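Structure assessment
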Amino acid sequence: QVQLVESGGGLAQAGGSLRLSCEASGGIFSAYHMGWFRQGPGKEREFVAAITWSGGSTAYADSVKGRFTISRDNSKNTVYLQMNNLKPGDAAAYYCAAQHLLSSSLRIPTYYNYWGQGTQVTVSS
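None of the values given here were measured: they were computed from a predicted structure.

Scanning the protein for helices and strands turns up zero helices and 11 strands. Along its sequence from the N terminus, the protein presents helices and strands in the succession β-β-β-β-β-β-β-β-β-β-β. Here the protein has a C-alpha radius of gyration of 13 Å; the compact-globule value for 125 residues is 14 Å, and the two agree. Each principal axis of the C-alpha atoms in the protein carries an extent, and together these give about 40 × 25 × 25 Å. Looking at the protein as a whole, 45% of its 125 residues are labelled buried. Taking as baseline every contact in the protein between residues at least 6 positions apart, the subset at least 24 positions apart corresponds to 58%. Accessible surface, the protein as shown: approximately 6200 Å² in total, 48% of it carbon and sulfur. Between the averaged position of the 10 positive side-chain charges in the protein and that of its 7 negative side-chain charges there is a distance of 4 Å.

If you want it as structure tokens, here you go:
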């Protein structure tokens, strides 16, 4: 059983930056692809970014491409989401998730096996 704990959320001004972290425990971190999703009030959970087990491949939602960067440090069992040039529309609860290597989609939430509790991001205009 993998446990995921997010941190780094908070309040940022529009145009500002935040760095989210997600630390994993209870499993072999490098055995999982990792993803970040977000969910705003009254909205469905949406894909933000994902990274393969080695870090060799990444994927981004069009809405964050060029502003957000996902990375991972397998020696620290941690995945990061660097968020720059934040916009009010980025405000949401952000969740990290882990997916077994044999899963076939990085963008679909139901393909992920483990989820963190989320960290809130608020962006003031």
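Let us keep going from here.
Each aromatic ring pair is summarised here by two numbers: the centre-to-centre distance and the angle between the ring planes. Applying the stated criterion across every chain yields a total of five aromatic pairs. A ring pair is formed by Phe 37 and Trp 115, whose centres lie 5.1 Å apart and whose planes are at 55°; its orientation type is tilted. Taken together, the residues Phe 37 in strand S4 (residues 32-39) and Trp 115 in strand S10 (residues 114-115) connect sequence positions 78 residues apart. Accessibility expressed as a relative area gives 0% for Phe 37, which makes it buried.

Per the stated rule, a full pass over the model turns up four salt bridges. In this structure, the salt-bridge partner of Arg 38 is Glu 46, at a minimum N-O distance of 2.6 Å. For Arg 67, the salt bridge goes to Asp 90, with nearest N and O atoms at 2.7 Å. Placement of the pair is Arg 67 in the loop between strand S6 (58-60) and strand S7 (68-73) and Asp 90 in the loop between strand S8 (78-83) and strand S9 (92-100), with a sequence separation of 23 residues. According to the relative accessible area criterion, Arg 67 is buried, its value standing at 9%. When salt bridges with common partners are traced through the structure, they connect Arg 38, Glu 46, Arg 67 and Asp 90 into a single cluster.

Strand S5 (residues 46-51) sits mainly inside the fold: five of its six residues count as buried. Two strands pair when backbone bridges link them, and S4 and S5 are joined in this way by five bridges, in the antiparallel orientation. The partner of Phe 37 across the bridge, within S5, is Phe 47. Where S4 hands over to S5, the hairpin turn is made up of six residues, of which Gly 42 adopts a positive phi near 70°. As paired elements, S5 and S6 share three bridges and run antiparallel to each other.

The next thing to look at is the state of the cysteines. Per the stated rule, a full pass over the model turns up one disulfide. Two residues share a disulfide in this structure: Cys 22 and Cys 96, whose sulfurs sit 1.9 Å from each other. Because the torsion about its S-S bond is 45°, the bridge between Cys 22 and Cys 96 counts as right-handed. With Cys 22 in strand S3 (residues 18-25) and Cys 96 in strand S9, the pair connects residues that are 74 residues apart, well separated along the chain. Comparing Cys 22 with Cys 96, the two get one shared label, buried.

Rules used throughout
- Residues numbered from 1 in each chain as written.
- Predicted model: local features only at pLDDT ≥ 70, side-chain atom pairs only at ≥ 80, totals over all residues.
- Heavy atoms only, no water.
- Helix = DSSP H or I, 4+ residues; strand = E, 2+ residues; numbered from the N terminus.
- Rg over C-alpha atoms; globule rule 2.2 N^0.38 Å.
- Buried < 20%, exposed > 50% of the residue type's maximum accessible area, 1.4 Å probe, protein only.
- Contact = heavy atoms within 4.5 Å.
- Areas by Shrake-Rupley, 256 points an atom, 1.4 Å probe, with all protein chains shown as cover.
- Lys, Arg positive; Asp, Glu negative; His and termini not counted.
- Charge placed at Lys NZ, Arg CZ, Asp CG, Glu CD.
- Phe/Tyr/Trp six-rings, centres within 6.5 Å; stacked < 30°, edge-to-face > 60°.
- Salt bridge = Lys/Arg side-chain N within 4 Å of Asp/Glu carboxyl O.
- Pairing = 2+ DSSP bridges.
- Disulfide = S-S within 2.5 Å.

As far as function goes, none of this settles anything; it's purely spatial.
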